[in-house]
Amino acid sequence: MYDIAIIGAGINGCSVAYEFIQAGKSVILFDKDDIAGGGSGAAGAFISPKFSKTGELKEMLNAAFSYSYDYYKTNFPDSFSASQLLHIAKDEKDDLMLRQYKEDTQFQLQKVSDTLFDALTPEAQKRENISINAAVVDAKNVCHSMSQGARFVREKVESLVYDDDFWIINETYSAKEVVLATGAYENVIKEPYIDVRGIWGHRIDVKTSTNNPCSLHQFVSIAKSRDGVVAIGATHNIHYHPDKNSETYDIKKGRAELLEKASQTMKLENIEILKDYVGLRSGSVDYMPLLGSLILSNATIASCGKRLQDKRIKYDEFSYYPNLYIINGSGGYGFVLAPYLANILKEHILSGKKISAKIAPARYFARWARRQRV
Ligand SMILES: Cc1cc2nc3c(=O)[nH]c(=O)nc-3n(C[C@H](O)[C@H](O)[C@H](O)COP(=O)(O)OP(=O)(O)OC[C@H]3O[C@@H](n4cnc5c(N)ncnc54)[C@H](O)[C@@H]3O)c2cc1C
């Protein structure tokens with residue numbers, strides 16, 4: 001019997017595993033593929049804040065950025081590289097937003113050197129920009145390091161049954177608590193209100209004679225050069241899903257899109273494509289992540305009935321699966337959010353700390369129930 005079972009060994013599952021291992025708990029971690037074999041293995045894993053107008057998501061990402069930056073630096077220094085980040089506006093609207101952002105930001109702004117500025121295309125030079133100290137982590141390495149100390153089982157979880165006080169997984173393993181960290185790939189628990197959409201992404205490593213001194217973000221991200229190699233990513237494709245589309249993904253088209261977008265920011269000379277990475281991000285419909293207990297829809301409909309149409313209904317009134325949690329919906333910020341969210345989840349499970357309603361799955365259920373007019 002394990003204290004906790006985690007299904008999905010991406011950055012979310014591995015961050016939860018790390019929290020519980022640190023708390024002295026026994027952890028079993030499942031993945032149908034390898035550790036970081038899903039969206040996490042494809043990520044450029046930039047650790048950056050969200051440059052946008054004010055809003056809940058921006059605030060959460062800024063807090064998560066500060067938290068995760070220190071967390072990776074302290075706990076996983078071998079997988080962490082601090083790097084100057086130059087974020088460049090895409091258009092005039094973005095120019096305005098960045099100007100405003102710079103006035104209000106809590107982050108210390110960095111100077112853009114003449115060498116860096118001169119390396120940008122004339123179009124990129126004309127746009128507003130902001131530069132701060134950010135970081136990149138080695139996606140696969142960090143997931144492997146985080147899961148040290150957990151028992152890793154390479155198995156697809158197909159059955160999850162609650163028996164008295166514990167969960168039985170695939171009729172073989174048992175655990176007191178279960179965390180679903182399955183990303184956009186599939187839901188082990190089929191509940192109609194859980195609605196995460198897969199956003200397919202492609203990034204490439206290229207060899208180039210151009211030296212890029214920092215991370216650049218504009219239409220795509222171009223990472224700082226390392227031994228003549230830069231990572232360029234990523235595409236956002238909501239129409240392709242590896243489990244749903246019959247045709248294979250057009251890798252050449254994806255490469256062409258990445259190179260074209262990168263060329264709008266910096267001219268990279270003598271390019272040779274070394275490696276492609278593809279995977280799904282998991283996007284939530286309101287862009288906020290999903291963290292916390294899952295609602296038993298049938299039981300809640302039976303107990304709450306028509307009161308579910310009332311927007312003022314308290315989430316405490318819903319019925320929940322016992323000791324079953326989800327961490328998902330991090331979109332393009334999984335590496336920024338995961339350590340921050342995993343810590344909140346640990347505090348919730350071990351110390352009973354409440355999770356904000358803004359990220360609780362209950363908000364999804366409440367909206368779904370109103371739409372269904374149950
Ligand atoms: C190309 C690309 C670039 C990105 N760049 C960045 C970036 O620079 N910075 C950033 O912060 N984020 C980035 N992201 C987003 C980030 O990668 C995701 O938000 C993050 O990977 C989500 O992690 P996850 O653990 O939820 O999902 P995943 O990494 O997809 O992990 C889910 C895992 O669950 C497993 N699984 C699913 N069902 C089962 C089952 N039934 N049984 C067992 N295992 C199961 C899957 O095999 C998978 O390994 C990028 C994403 C992509 C695709």
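Residues numbered from 1 in each chain as written. Predicted model: local features only at pLDDT ≥ 70, side-chain atom pairs only at ≥ 80, totals over all residues.

*Asks:* Tell me about the overall build of the protein, and please be specific about residues and values.
*Replies:* When helices and strands are counted, the protein shows 11 helices and 16 strands. Computed over the C-alpha atoms, the radius of gyration of the protein is 21 Å, within 12% of the 21 Å expected from 2.2 N^0.38 for a compact globule of 374 residues. Along the three orthogonal principal directions, the C-alpha set of the protein runs to about 65 × 45 × 45 Å. The buried share among the 374 residues of the protein stands at 44%. The long-range share in the protein, meaning contacts at least 24 apart out of those at least 6 apart in sequence, stands at 78%. (Helix = DSSP H or I, 4+ residues; strand = E, 2+ residues; numbered from the N terminus. Rg over C-alpha atoms; globule rule 2.2 N^0.38 Å. Buried ≥ 20, exposed ≤ 12 C-beta atoms within 10 Å, placed from the backbone. Contact = placed C-beta atoms within 7 Å.)

*Asks:* So what's going on with unusual backbone geometry? Which residues, and what values?
*Replies:* Glycine aside, negative phi is the norm for most residues, and most peptide bonds take the trans geometry. Cis geometry marks the peptide bond from G233 to A234, where omega comes out at -5 degrees. A positive phi angle is found at A36, which is not glycine, with a value near 60 degrees. Inspection of the secondary structure assignment puts A36 in the loop between β2 (27-31) and α2 (39-42). Even without being glycine, N323 reaches a positive phi, approximately 50 degrees. Looking at where N323 falls in the secondary structure, it is placed in strand β16 (residues 320-328). The class of N323 is partly exposed, set by 17 C-beta atoms lying within 10 Å.

*Asks:* Tell me what's going on with the pairing of strand β15 (residues 290-295), and back it up with residues and numbers.
*Replies:* By the criterion of burial, β15 is predominantly enclosed, with six of the six residues buried. Here β15 pairs with β16 via five bridges, running antiparallel. Looking at the pairing, G292 lines up with I326 of β16. (Pairing = 2+ DSSP bridges.)

*Asks:* Summarise the packing of helix α1 (residues 11-22) against helix α10 (residues 334-351); cite the residues concerned and give the values.
*Replies:* Two elements in contact, α1 and α10, have axes separated by 8 Å at closest approach and are oriented at 40 degrees. Relative to α10, the element α1 is oriented oblique. In terms of crossing hand, the pair formed by α1 and α10 is right-handed. Facing α1, whose interface residues are I11, N12, S15, V16, Y18, E19 and F20, α10 presents G334, F335, A338, P339, A342, N343, L345 and K346. Of the residues belonging to the contact of α1 with α10, the class tally is nine nonpolar, four polar and two charged. (Axes fitted to C-alpha atoms, helices over the stretch in contact; angles between N-to-C directions. Parallel < 35°, antiparallel > 145°, perpendicular 65-115°, else oblique. Left-handed = near helix turned anticlockwise from the far one by under 90°. Nonpolar A, V, L, I, M, F, W, Y, C, P; charged D, E, K, R; others polar.)

*Asks:* Just give me the short version of the domain arrangement of the protein, but keep the residues and values in it.
*Replies:* Taken domain by domain, the protein holds domain 1 (2-38 + 142-195 + 285-372) and domain 2 (83-136 + 197-281). The gap between the C-alpha centroids of domain 1 and domain 2 is 31 Å. (Domains from an automatic or database assignment.)

*Asks:* Got a sec to walk through the site of the ligand? Specific residues and values, please.
*Replies:* G8, G10, G38, G183 and G334 are the nearest of the 45 residues found near the ligand. Counting only elements with at least two residues in the shell around the ligand, the list comes to α1, β2, α2, β10 (196-207), β14 (272-284) and α10. For the shell around the ligand, the leading source of residues is β14, giving five residues. Within the shell around the ligand, the residues separate by chemical class into 18 nonpolar, 20 polar and seven charged. Among the domains, domain 1 (2-38 + 142-195 + 285-372) and domain 2 (83-136 + 197-281) are the pair contributing at least three residues each to the shell around the ligand. (Near = placed C-beta within 6 Å.)

*Asks:* A description of the nonpolar core should follow, citing residues and the corresponding values.
*Replies:* Formed by 111 residues in total, the largest nonpolar core has its most connected members in A5, I6, A17, I47, V137 and I327. Here this core gets 10 residues from one element, more than from any other, and that element is α10. Each of domain 1 (2-38 + 142-195 + 285-372) and domain 2 (83-136 + 197-281) gives at least three residues to this core. Dropping the residues within four chain positions of it, I47 is found in contact with F65, S68, Y69, Y72, A134, A135, V136, V137, F335 and V336. (Core = buried A, V, L, I, M, F, W, Y, C linked by C-beta atoms within 7 Å.)

*Asks:* An account of the pairing of strand β7 (residues 160-163) is needed here, citing residue identities and associated values.
*Replies:* Alignment of β7 against strand β8 (residues 166-169), held across four bridges, turns out to be antiparallel. Opposite L160, over in β8, you have I169 as the bridge partner. Taken together, β7 and the strand that follows it, β8, pair antiparallel across an intervening segment of two residues, in which D164 is found at a positive phi of about 60 degrees.

*Asks:* Tell me about the sheet that holds β14, residues and numbers included.
*Replies:* Ordered in space as β3-β5-β4-β11-β12-β13-β10-β14, the eight strands form an open sheet in which the pairing is mixed. Across the chains shown, the open sheet's two edge strands, defined by having one partner strand only, are β3 (46-47) and β14. Bridge count for β10 against strand β13 (residues 229-233) is five bridges, and the pairing is antiparallel. Looking across to β13, one finds that K207 is bridged to V229. Contacts from helix α8 (residues 251-263) reach β10, β12 (221-222), β13 and β14 within the one sheet, and its direction differs from that of β10 by about 70 degrees.

*Asks:* Quick one: what's the story with helix α11 (residues 362-372), residue by residue and with numbers?
*Replies:* All of the buried residues along α11 are A362, Y364, F365, A366 and A369. In the segment just after α11, R373 is the residue with positive phi, at about 55 degrees.

*Asks:* Which residues make up the environment of E272, and what values go with them?
*Replies:* Of note, E272 is situated in strand β14. E272 sits 43 residues away from V229 along the chain, and the two C-alpha atoms are 9.4 Å apart. Non-local contacts of E272, meaning those with residues more than four positions away in its chain, are made with V206 and K207.

*Asks:* Describe the environment of E171, and please don't skip the residues or the numbers.
*Replies:* Checked against the element boundaries, E171 lands in the loop between β8 and β9 (173-180). For the pair formed by E171 and V157, sequence separation is 14 residues and the distance between their alpha carbons is 9.8 Å.

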